[in-house]
Amino acid sequence: MNAVTIGLAGTGRIGTAHAETLKNLAGVGTVVVADADAERARTAATKLGVEFAADIDALFATRLDGIVIATATDSHPELITRAVDLGIPVFCEKPVAADIAGTVTVLDHLRNATVPVQIGFQRRFDAGYRAARSAVASGELGWLHTLRATTLDPAPPPAEYIPRSGGIFRDCGVHDFDIIRWVTGREVTEVYAVGANRGDEFFTAANDVDTAAVTLTLDDGSLATVSLTRYNGAGYDVRLEALGSRANAIVGLDDRAPLHSVEPNYPPSPFPAYPGFMDRFRSAYTDELAAFLSVVQGTIENPCTPWDALEAFYIAEACELSRAERRPVTVAEVRR
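Residues numbered from 1 in each chain as written. Predicted model: local features only at pLDDT ≥ 70, side-chain atom pairs only at ≥ 80, totals over all residues. Heavy atoms only, no water.

A few points about the layout of surface pockets
Alright, step 1. Of the pockets and cavities examined, the largest pocket occupies roughly 1500 Å³.
Alright, step 2. In terms of lining, the largest pocket is formed by 50 residues, of which the most central are Arg13, Ile14, Tyr161, Asp171 and Phe277.
Alright, step 3. Elements with a minimum of two residues in the lining of the largest pocket: helix 1 (13-23), helix 4 (76-85), helix 7 (168-184) and helix 9 (277-280).
Alright, step 4. In this structure, the lining of the largest pocket is formed jointly by two domains, domain 1 (4-115) and domain 2 (124-276 + 311-334), each of which donates at least three residues.
Alright, step 5. Roughly 400 Å³ of internal volume is contained in the second largest pocket.
Alright, step 6. Ala257, Leu259, His260, Pro268 and Ser269 are, among the 18 residues lining the second largest pocket, the residues nearest its centre. (1 Å grid on protein atoms, 1.4 Å probe; cavity = no way out; pocket = protein on both sides within 12 Å on 5 of 7 lines; lining within 4 Å. Points joined across faces, edges and corners; volume = space filled by probe spheres on them. Helix = DSSP H or I, 4+ residues; strand = E, 2+ residues; numbered from the N terminus. Domains from an automatic or database assignment.)

Quick look at the pairing of strand 6 (residues 117-120)
Alright, step 1. Burial along strand 6 is two-sided: Val117 and Ile119 and Gln118 and Gly120, pointing in opposite directions, are all buried.
Alright, step 2. Across four bridges, the pairing between strand 5 (residues 90-93) and strand 6 is parallel. Each residue of the ladder has a partner; that of Cys92, found in strand 6, is Ile119.
Alright, step 3. Handedness of the crossover joining strand 5 and strand 6 through helix 5 (residues 100-110) is recorded here as right-handed. (Buried < 20%, exposed > 50% of the residue type's maximum accessible area, 1.4 Å probe, protein only. Pairing = 2+ DSSP bridges. Right-handed = clockwise from strand over helix to strand, strands pointing away.)

Re the nonpolar core
Alright, step 1. In terms of nonpolar packing, the biggest core is built from 83 residues, with Ile80, Val90, Tyr129, Phe169, Val191 and Leu216 touching the most fellow members.
Alright, step 2. Split by domain, this core shows at least three residues from each of two domains, domain 1 (4-115) and domain 2 (124-276 + 311-334).
Alright, step 3. Residues contacting Phe169, with those up to four places away along its chain left out, are Val174, Phe177, Ala193, Val194, Ala212, Val214, Leu228, Ala316, Cys319, Glu320 and Arg323.
Alright, step 4. Membership of the second largest hydrophobic core comes to 18 residues, among which are Leu8, Leu25, Leu48 and Phe91. (Core = buried A, V, L, I, M, F, W, Y, C linked by side-chain atoms within 4.5 Å. Contact = heavy atoms within 4.5 Å.)

Below, the structure written as structure tokens:
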């Protein structure tokens, strides 16, 4: 099969990392980058040794076999629909849109699309989460009674990011909600969420929280808890515990997990904790884009559709409503 040309929109941190990954993937012949900030795109292209388009219009004017969208969230709907209307397969970082209404509008547009749209939930490509999913599916854990998930960031993002992030459930927790659905093969029916602010004032000013705890009820009666924070000073801690009637599977429990045992005679790990998501999920990001290349080439089915993203978004929305109204909320209440 001929080498493909992949466009990339958005040359911020994640976009630049994706461009570097793409240029090293077997089967990719050309990578072309563009950004609303033309100079930033030019600088990234020069540094990485890839091609540069003066703006997004110029990027779309290039003969692309696929496009990776890593721009600000508010631009995702227009870029996704534009690419699909041109017959260009899409990989887009989550979310599809900033809210449920916008997501549903995009999905309505995609119902008759002839090309795939893959959404970026990189945990689906992490070796640990894949092993946990296999363990659940095989029955070796028995029936699941509890899942415990964490996304604990070592430090908050810049203050200006928070008002446009969508809040902790849509920005951070949505990854846990997606992976719980994917690992278990079950749907979430009800949530109860609480939040707290003990850190910087800008979270309160944005009507957000810096720490949250969520209890999820799945459609088979099993329970899941999700713990989220922006202030885990020990390091980046993302784990999933799948606890069954016969055995368990723990994701993210390695020598770089920022866990300090105070039990006597238990030695600390000699390895540094993960500083952030790019280090923790480096291999997963590579495998995710390799999967997109296979989607572009038509050799595999889309591993993460926009409809998957919507289901995770519904859970996040239910959590936000639960926190605001201090009550359990069924996912059906927010479904459209």
